[in-house]
Number of protein chains: 2
Amino acid sequence: MNSALDILRGCAVAIVGAGLVGRGWAVVFARAGFPVRLYDANPEVLQAAPALILTQLEGLERYQLLDEPSSVVASRITPHHSLAGVVDGAAYVQESILERVELKRELLERLEALDDGNRIIGSSTSGIPASQFSSGLTIAPRVIIVHPVNPPSLVPLVELVPSPSTSPQTLAFAKNLMQAVGQTAITVNKEVEGFVLNRLQAVLLREAWALVEDGIASPEDVDKTVRDGLGWRWSFMGPFETIDLNAVGGVSDYARRLGPLYQRIAASRTHDAPWGGTLVEEVEAHMRGQLPLDQLAQRCQWRDLQLMAFAKHRKENS
Amino acid sequence: MNSALDILRGCAVAIVGAGLVGRGWAVVFARAGFPVRLYDANPEVLQAAPALILTQLEGLERYQLLDEPSSVVASRITPHHSLAGVVDGAAYVQESILERVELKRELLERLEALDDGNRIIGSSTSGIPASQFSSGLTIAPRVIIVHPVNPPSLVPLVELVPSPSTSPQTLAFAKNLMQAVGQTAITVNKEVEGFVLNRLQAVLLREAWALVEDGIASPEDVDKTVRDGLGWRWSFMGPFETIDLNAVGGVSDYARRLGPLYQRIAASRTHDAPWGGTLVEEVEAHMRGQLPLDQLAQRCQWRDLQLMAFAKHRKENS
């Protein structure tokens, strides 16, 4: 715990934006022992946050995913009613506001005015390159994307995406910070659209749509293929390690033997069809046949419980 | 158990080919209560099979994945020293020989000569369309691909791929049989290369290679993104269900909001690069830095234990 605090030189983490993502971050930092300061421009969102955070912590506690009582973790989080107040004494700011570039730019300009010359700012954006809201600011070298998966308290992956202005020290700080809070940080070296996680998801989804469109498989069978097949290995190994272990001579042996097949498969999907029209309607109808829209929220609770159970399983098996 | 046996009208399952895949099938069928007859053209392979199968069963037993003692399950499996002997009294044959079309064709011709007019033949092939080895045979309507994931005793997904000659009755039989043994069967409606699972894997791997080639992420970070991020949801939900639960209005709402982003990502990968050259060498070198080649087999054991632990987790959480 001390080494984690050392990273912040005894200072706090400030979270700006107390919506779903910001609350998730509050849990991650508080769970790791950091003092957390929480702010939202909307007082109602800020007021509602502590109870919602406590509920999240109690869920983690039930699944034995906390090392301390939930009340102790919750007590590290303090709401603040102004931006100046929340960043005062904070060595790191996790920006988690709405995904609109002009709002992020405006926030960074205000943070620049409140700058202490050291503070590092991580942005939770899933899709806006940091250069679009940090360029030209004096704090730009200390701004980096720190993009979590939702909810970060359960899924460890975090994508670090430096802008061309981000300093190596800022990247190193973010890596250390993520390690200290138990997240798995990867570095996305260029500001590509979708970063890494969503690019990988995008190409799989694109093939999923095409398989349905071509009448090769139903949406349900595509889902089963991942849920009861592909996803098993990918729950504890990445795609490279998976194929590395599937050939006696490792990944290059695998590439030699199966590369031509995979290339033919990739080559057979050359058009980039839009996500729309009757295909989306067809899949929507199929999904609603499985799950009516008014049960979606309930199913999301099921998903979150499954994620908790999986997190517990991974904790016990790694 | 009786209903499972009813499917076979009291007959046995014959497995032709006692290699890794055939042995995995023997475990699946015997575990479900079926009498299993096992044959391999190579007497040494056949002789070695029972001990290897018992080891596999004992592993499942340790992880509480068997409902009966491993010795009871093993006792249902009997080796046979001729093709005529193994199929005699078998209502279903699971072909699990080498992946060479001329060998499969030859086997099917011999099975045709031994045909009883009812027997159904499932092929374990991962890549050869059934029409290539069954066309023109009188048994062709009773031949279907029943492609498992390795090991089938742990990973439930099975791809059923009828050829144009396969009868609807054969497809229905295979679906019922897979349900009876506790596997998850999907239907691949056309004989496409890679079926469904490997097509989905192919496109993700293709993007993985490209991310490394473009210097966007290291192979290790690509692996982490799946292992500690994407793979968590995909371990219990498919890709469609994942996005269906990620938008308040379901999958069509998601497509409307994020479709354009995903389409741009897909459109940015239009070339179908071969799997080769310095890129493969680079990834190979990277993987060997993590895991020397002489430790690959040991890591495969780790993988199998992880799969067992995951199977136990899934059994307890579904």
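Residues numbered from 1 in each chain as written. Chains lettered and ligands numbered in written order. Predicted model: local features only at pLDDT ≥ 70, side-chain atom pairs only at ≥ 80, totals over all residues. Heavy atoms only, no water.

Novice: Give me the lowdown on the overall build of chain A, citing residues and values where you can.
Specialist: Of regular secondary structure, chain A possesses 14 helices and eight strands. Its C-alpha atoms give chain A a radius of gyration of 22 Å, near enough to 20 Å, the size a compact globule of 318 residues would have. Taken over the C-alpha atoms alone, chain A extends approximately 55 × 45 × 40 Å along its principal axes. Within chain A, buried positions represent 58% of all 318 residues. Sequence separation of 24 or more characterises 70% of the internal contacts of chain A that already satisfy a separation of 6 or more. (Helix = DSSP H or I, 4+ residues; strand = E, 2+ residues; numbered from the N terminus. Rg over C-alpha atoms; globule rule 2.2 N^0.38 Å. Buried < 20%, exposed > 50% of the residue type's maximum accessible area, 1.4 Å probe, protein only. Contact = heavy atoms within 4.5 Å.)

Novice: Please give an account of the interface of chain A and chain B that cites residues and values.
Specialist: You'll often see interface size given as the accessible area lost when the parts meet. On the chain B side, the residues contacting the 106 residues of chain A number 106 residues. Across the chain A/chain B interface, buried area totals approximately 10400 Å², and carbon plus sulfur atoms make up 68% of it. Contact with chain B buries surface across chain A, with A:Trp232, A:Phe236 and A:Phe240 losing the most and accounting together for 8% of the total. For the interface between chain A and chain B, the tally reads 10 salt bridges. In this structure, B:Arg264 engages A:Glu193 in a salt bridge whose closest nitrogen and oxygen atoms are separated by 2.7 Å. Our enumeration of links across chain A and chain B arrives at 43 residue pairs in polar contact (both at pLDDT 80 or more). If you list the elements that add at least two residues to the side of chain A that touches chain B, you get strand 8 (184–187), helix 9 (197–213), helix 10 (219–234), helix 11 (239–244), helix 12 (250–267), helix 13 (277–290) and helix 14 (296–316) of chain A. (Buried area = accessible area lost by both parts, 1.4 Å probe. Salt bridge = Lys/Arg side-chain N within 4 Å of Asp/Glu carboxyl O. Polar contact = N/O pair within 3.5 Å; in protein donor to acceptor, adjacent residues only side chain to side chain.)

Novice: Please set out the pairing of strand 8 of chain A residue by residue, giving values where relevant.
Specialist: Residue and element names in this part refer to chain A. Alternating residues of strand 8 divide into Thr 184 and Ile 186 and Ala 185 and Thr 187, and every residue in both groups is buried. Here strand 7 (residues 157–162) runs beside strand 8; their pairing, made up of four bridges, is parallel. Of the residues in strand 8, the one forming a bridge with Val 158 is Ala 185. Considered for its hand, the β-α-β crossover made up of strand 7, helix 8 (residues 168–180) and strand 8 is right-handed. (Pairing = 2+ DSSP bridges. Right-handed = clockwise from strand over helix to strand, strands pointing away.)

Novice: I'd like to hear about helix 10 of chain A, residue by residue, with values.
Specialist: The sharpest bend along helix 10 of chain A measures roughly 35 degrees and falls at A:Val226. By the criterion of burial, helix 10 of chain A is predominantly enclosed, with 14 of the 16 residues buried. (Bend = angle between axes of the 7 residues up to and from the residue.)

Novice: I'd love a proper account of the side chain of B:Asp244, names of residues and values included.
Specialist: Within the secondary structure, B:Asp244 sits in helix 11 (residues 239–244). Classification of B:Asp244 as buried rests on a relative accessible area of 1%.

Novice: Before we move on, can you summarise the relation of the copies chain A and chain B with the specific residues and values?
Specialist: Screw-axis analysis of chain A against chain B gives a translation of 0.0 Å along the axis, an RMSD of 0.0 Å, and a rotation angle of 180 degrees. The symmetry that links the two subunits is that of a two-fold axis. Interface residue correspondence from chain A to chain B reaches 100%, placing this contact among same-surface, isologous pairings. (Least-squares fit on C-alpha atoms with pLDDT ≥ 70 in both.)

Novice: Please give an account of the packing of aromatic side chains that cites residues and values.
Specialist: Per the stated rule, a full pass over the model turns up 18 aromatic pairs over all chains. For the pair A:Phe310 and B:Phe310, a centre-to-centre distance of 6.1 Å together with 75 degrees between the ring planes defines the contact as edge-to-face. A residue pair is termed interchain when its members come from two chains, as with A:Phe310 in helix 14 and B:Phe310 in helix 14 (residues 296–316). Considering the side-chain rings of B:Phe29 and B:Tyr92, the 5.9 Å spacing of their centres and the 55 degrees angle between planes classify their relative orientation as tilted. Placement of the pair is B:Phe29 in helix 2 (residues 20–31) and B:Tyr92 in strand 4 (residues 90–95), with a sequence separation of 63 residues. (Phe/Tyr/Trp six-rings, centres within 6.5 Å; stacked < 30°, edge-to-face > 60°.)

Novice: Report on the sheet that holds strand 1 (residues 12–16) of chain B, specifying residues and quantitative values.
Specialist: In space, the eight strands of this open sheet follow the order 3-2-1-4-5-6-7-8 (chain B), with mixed pairing throughout. Every interior strand has two partners, whereas the edge strands, strand 3 (77–79) and strand 8 (184–187) of chain B, have only one. Ignoring which end each strand starts from, the neighbouring axes of this sheet average 25 degrees apart. Its contacts with the sheet place helix 10 of chain A against strand 7 (157–162) and strand 8 of chain B, and it is angled at close to 145 degrees to strand 8 of chain B. (Axes fitted to C-alpha atoms, helices over the stretch in contact; angles between N-to-C directions.)

Novice: Lay out the nonpolar core in plain terms, naming residues and giving numbers.
Specialist: Among the nonpolar cores identified, the biggest contains 214 residues, and A:Phe29, A:Met178, B:Phe29, B:Met178 and B:Trp209 are the most heavily contacted of them. If we ignore the near neighbours within four places in the chain, the residues touching A:Phe29 are A:Val13, A:Ile15, A:Phe34, A:Val36, A:Tyr92, A:Gln94, A:Leu177, A:Met178 and A:Val181. (Core = buried A, V, L, I, M, F, W, Y, C linked by side-chain atoms within 4.5 Å.)

Novice: Now, about the sheet that holds strand 3 (residues 77–79) of chain A: what can you tell me, with residues and values included?
Specialist: All names here are of chain A. The sheet built from eight strands is open, its strands ordered 3-2-1-4-5-6-7-8 with mixed pairing. Strand pairing shows two members of the sheet lacking a second neighbour, strand 3 and strand 8, which therefore form its edges. When the angles between neighbouring strand axes are averaged without regard to direction, this sheet yields 25 degrees. Packing of helix 3 (residues 43–62) onto the sheet brings it into contact with strand 2 (36–39) and strand 3, and relative to strand 2 it is tilted by some 135 degrees.

Novice: Break down the environment of A:Pro219 for me, with residues and values.
Specialist: Tracing the backbone through its elements, the reader meets A:Pro219 in helix 10. Each C-alpha atom of the pair A:Pro219 and A:Ala309 lies 26 Å from the other, and the pair is 90 residues apart in sequence. Here A:Pro219 is in contact with A:Val212, A:Val283, A:His286 and B:Phe240, once residues within four sequence places are set aside.

Novice: So what's going on with the packing of helix 12 of chain A against helix 13 (residues 277–290) of chain B? Residues and values would help.
Specialist: Contact geometry of helix 12 of chain A with helix 13 of chain B gives a least axis separation of 7 Å together with a crossing angle of 145 degrees. Judged by residue contacts, A:Gly250, A:Val251, A:Ser252 and A:Ala255 of helix 12 of chain A engage B:Val280, B:Val283, B:Glu284, B:Met287 and B:Arg288 from helix 13 of chain B.

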